[in-house]
Amino acid sequence: MPPKSLALQSTSLRVAFITALGVAAMAGALNGALMLGQWVAQMEMRPTLAPAPAPVEEAEATPPPPPAFRFDAPLPGRVINSPFGLRQLPWEENGRLHEGVDIAAPSGAAVKAAADGVVIRTGISSSYGRFVEVVHKGGLTSLYAHLSAQAKGVRRGAYLHRGDVLAYVGNTGHSTGPHLHFEIRQGKKPLNPSFFLGQSFAKADDLPLKAAAKVSRKVRRATVSTWPQGVGAKPGAIKVAHPRNGRVRARIAVQAG
């Protein structure tokens, strides 16, 4: 049995050791808490970096829809030499409506479809001569007359794209020389083609139907290049001059107003 004094010493050492461990643990905890506080303080002092803005993708501009109606000249680059409106020919006693326009061109010049459409009539008329008629959207039709011949494949029911060759200029029917007589109609109502040729329209409501249907009260005196065979005139009613260039000019009394 150990002496009582040694047992007391051993107990005192254990208590001192445990106490030292506790003090060391507390010191470590305090040091850890201090270091954590310093780290948090440093983080708070650092400037906050704002997140980079997300790249903005510009939306591509949506192209406008194609026009619903577009009309090209049936004889590009050619001149209208007889407009739409009231007209009096040298062999006529009174003026009457010229329901289209006449476009001067040599025989054989290619005539093109003014707009997309379907051929509804072809044939030969005593007045129009050889002709082609095409129906388009919106109840519009176009007529090509005084033709020398139709293009290959142009027949009733054939679909034509704008710019397709449909016929060739001629001098058939009641014609005063090689040219194209061109009409645009809505149903049976004649419209002035000058309001349509070379124009595009976004929708049907934009079509100038009202303006194109107006007819001036002025009667235009016509100038012709040839005198149709079999067409006579009252003696003295018409004075005809034959200038050097070969064009026939008739001087007649025309009402204007």
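This text goes with the structure placed above it.
Here is a short report on the structure shown in this document. Predicted model, so just to flag it, every value in this text is computed and none were measured.

Rules and cut-offs
Residues numbered from 1 in each chain as written. Predicted model: local features only at pLDDT ≥ 70, side-chain atom pairs only at ≥ 80, totals over all residues. Heavy atoms only, no water. Helix = DSSP H or I, 4+ residues; strand = E, 2+ residues; numbered from the N terminus. Buried < 20%, exposed > 50% of the residue type's maximum accessible area, 1.4 Å probe, protein only. Contact = heavy atoms within 4.5 Å. Areas by Shrake-Rupley, 256 points an atom, 1.4 Å probe, with all protein chains shown as cover. Core = buried A, V, L, I, M, F, W, Y, C linked by side-chain atoms within 4.5 Å. Phe/Tyr/Trp six-rings, centres within 6.5 Å; stacked < 30°, edge-to-face > 60°. Lys NZ or Arg CZ within 6 Å of the ring centre and 35° of its normal.

**Remarks on the overall build of the protein**
Then, in step 1: Broken down by element type, the protein carries two helices and 17 strands.
Then, in step 2: Sorting the 257 residues of the protein into buried and exposed places 30% on the buried side.
Then, in step 3: Counted over contacts in the protein with a minimum sequence separation of 6, partners at least 24 positions apart contribute 61%.
Then, in step 4: In the structure as shown, the protein presents an accessible area of about 17,000 Å², 58% of it carried by carbon and sulfur atoms.

**What about the nonpolar core?**
The nonpolar side chains of a soluble globular protein tend to be buried, and buried together.
Then, in step 1: Counting 34 residues, the largest nonpolar core has F71, Y144 and L166 as its most contacted members.
Then, in step 2: Elements supplying a minimum of two residues to this core: strand 1 (69–71), strand 5 (101–104), strand 8 (129–135), strand 9 (140–150), strand 11 (165–169) and strand 12 (179–186).

**Things to note about unusual backbone geometry**
Then, in step 1: Look at H146: it is not a glycine, yet its phi comes out positive at around 65°.
Then, in step 2: For H146, a relative accessible area of 6% translates into the label buried.

**Considerations on the packing of aromatic side chains**
Each pair of aromatic rings is reported with the distance of its centres and the angle of its planes.
Then, in step 1: All chains considered together, the criterion is met by four aromatic pairs.
Then, in step 2: Taking 6.4 Å as the distance between ring centres and 65° as the angle between the ring planes, the aromatic pair formed by F71 and F201 counts as edge-to-face. In this pair, F71 sits in strand 1 while F201 sits in strand 14 (residues 199–201), placing the two residues 130 residues apart along the sequence.
Then, in step 3: Residue F71 is classed as buried on the basis of its relative accessible area, which comes to 3%.
Then, in step 4: Each ring, one from Y144 and one from F182, has its centre 5.2 Å from the other, and the planes form 55°; the classification is tilted. Note that Y144 is positioned in strand 9 and F182 in strand 12, a separation of 38 residues in sequence. Accessibility classification places Y144 together with F182 in one group, the buried group.
Then, in step 5: Taken together, the ring pairs in this structure connect F71, F196 and F201 into an aromatic cluster.
Then, in step 6: Directly above the ring of F69 sits K137, whose terminal nitrogen or CZ lies 5.0 Å from the centroid.

**Section: the side chain of H98**
Then, in step 1: Examined against the element boundaries, H98 turns out to sit in strand 4 (residues 96–98).
Then, in step 2: Overall, H98 belongs to the buried group, its relative accessible area being 5%.
Then, in step 3: Once residues lying within four places of it in the same chain are set aside, the contact partners of H98 are S82, P83, F84, G85, R87 and H181.

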